[in-house]
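Per-entry structural report
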Amino acid sequence: SCNLKPLWHAAWSTFGPKLKRVAICANLAGHQDLINSNPCLSSVQRFELEFSDDLRSKAPRDRTAEDAFLKDDLVPFVNRLGPYIKTFKIRSWSKMDLSPFFRFLDPLPQLEEILVRIPFNQSLLDPPAFTDFIIASSATLKDVALRLTPTGLALDPTQEQPVLDWMQSTLSDTRCFA
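Residues numbered from 1 in each chain as written. Predicted model: local features only at pLDDT ≥ 70, side-chain atom pairs only at ≥ 80, totals over all residues. Heavy atoms only, no water.

**What about the overall build of the chain?**
Stated formally: The helix count covers DSSP runs of H or I at least four residues long, the strand count covers runs of E at least two residues long, and both are numbered beginning at the N terminus. Based on C-alpha atoms, the radius of gyration is set beside the globule rule, defined as 2.2 Å times the residue count to the power 0.38.
Secondary structure assignment for the chain yields seven helices and five strands. When the helices and strands of the chain are read in sequence order from the N terminus, they spell out α-β-α-β-α-β-α-β-α-α-β-α. The globule rule puts the C-alpha radius of gyration for 178 residues at 16 Å, and the 17 Å found for the chain is close to it. Based on the C-alpha atoms only, the size of the chain along its principal axes is roughly 50 × 40 × 25 Å.

So, in structure tokens, the structure goes:
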């Protein structure tokens, strides 16, 4: 791991306030480092998060620490950007449950486009958290792309059925995409 603090400081003071699009692709530690650098992103309109696991780590997953990071660090960071975000994309190749993120994230009042590409059976252990976020942001949405492919064997009905049930329930909710 390298120390990127000098780079972050130079970036934020030089062009951070002018950035229209920001994509953060990292493992949890990388996201934490970037958030701790206190970026000034007051012009961001397109915001992308991508999560990966730390493949070098031999330590077991610490779901409590992951949940705390999502709720206590990432959510406040994204909520500060929320009034500016028109496009939000989130992808995960991680086994981290993103439900706490969606549970505590404020609605994005300018959100027009959302893309979510995550493994449903690993990254949404509490699907209603995501449903509630979608409903809360529905009024301004114009473009929605969901790829909630479960991990596991291809076309395994036991893995696919929960996604189908969630989709049917969400799409039949009159508050969603209204």
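What follows continues from the structure just given.
**Thoughts on a nonpolar patch on the surface**
Test applied: A patch consists of residues exposed above 30% relative accessible area that lack any salt bridge, with like charges linked at up to 9 Å and nonpolar side chains (Val, Leu, Ile, Met, Phe, Trp, Tyr) linked at up to 5 Å. Only the protein chains shown count as cover for residues, and the accessible areas themselves come from Shrake-Rupley with a 1.4 Å probe. Salt bridge criterion: a side-chain nitrogen from Lys or Arg within 4 Å of a carboxyl oxygen from Asp or Glu. When a residue's accessible area, from a 1.4 Å probe over protein chains only, is under 20% of the maximum for its type it is buried; when over 50% it is exposed; and in between it is partly exposed.
There is a patch of nonpolar side chains on the surface, built from Val144, Leu171 and Phe177 and spanning about 250 Å² of accessible area. Within the fold, Val144 resides in strand S5 (residues 143-147). The class for Val144 is partly exposed, based on a relative accessible area of 32%.

**Some words on the sheet that holds strand S3 (residues 87-92)**
Test applied: For two strands to count as paired, DSSP must find a minimum of two bridges between them. Convention adopted: a line fitted to C-alpha atoms gives each axis, helices being fitted over their contacting stretch, and angles between N-to-C directions are expressed from 0 to 180 degrees. Contacts are assigned to residue pairs with any non-hydrogen atoms lying within 4.5 Å of each other.
Ordered in space as S1-S2-S3-S4-S5, the five strands form an open sheet in which the pairing is parallel. Both edges of this open sheet fall to strand S1 (21-26) and S5, since each of them pairs with a single strand only. Geometrically, the sheet is characterised by an average inter-axis angle of 5 degrees between neighbouring strands, direction not taken into account. Examined bridge by bridge, strand S4 (residues 113-117) and S5 share five bridges and lie parallel to one another. In the strand pairing of S5, Arg117 is matched with Arg147. Across the face of the sheet, helix H2 (residues 28-36) comes into contact with S1 and strand S2 (46-51) while running at roughly 140 degrees to S1. Against the sheet, helix H3 (residues 63-81) makes contact with S1 and S2, and its axis sits at roughly 165 degrees relative to S2, the strand it touches most.

**Description of H3**
Selection criterion: In this scheme, a helix's expected span is set at 1.5 Å multiplied by one less than its residue total. Values of bend correspond, residue by residue, to the angle between axes fitted over the seven residues ending at that residue and the seven starting there.
In this model, H3 (19 residues) spans 26 Å end to end at C-alpha, consistent with the 27 Å of a helix rising 1.5 Å per residue. Leu74 marks where H3 bends most, by close to 35 degrees; the proline Pro76 follows one to four residues later. Of the residues making up H3, those classed as buried are Glu66, Phe69, Leu70, Leu74, Val75, Phe77, Val78 and Leu81.

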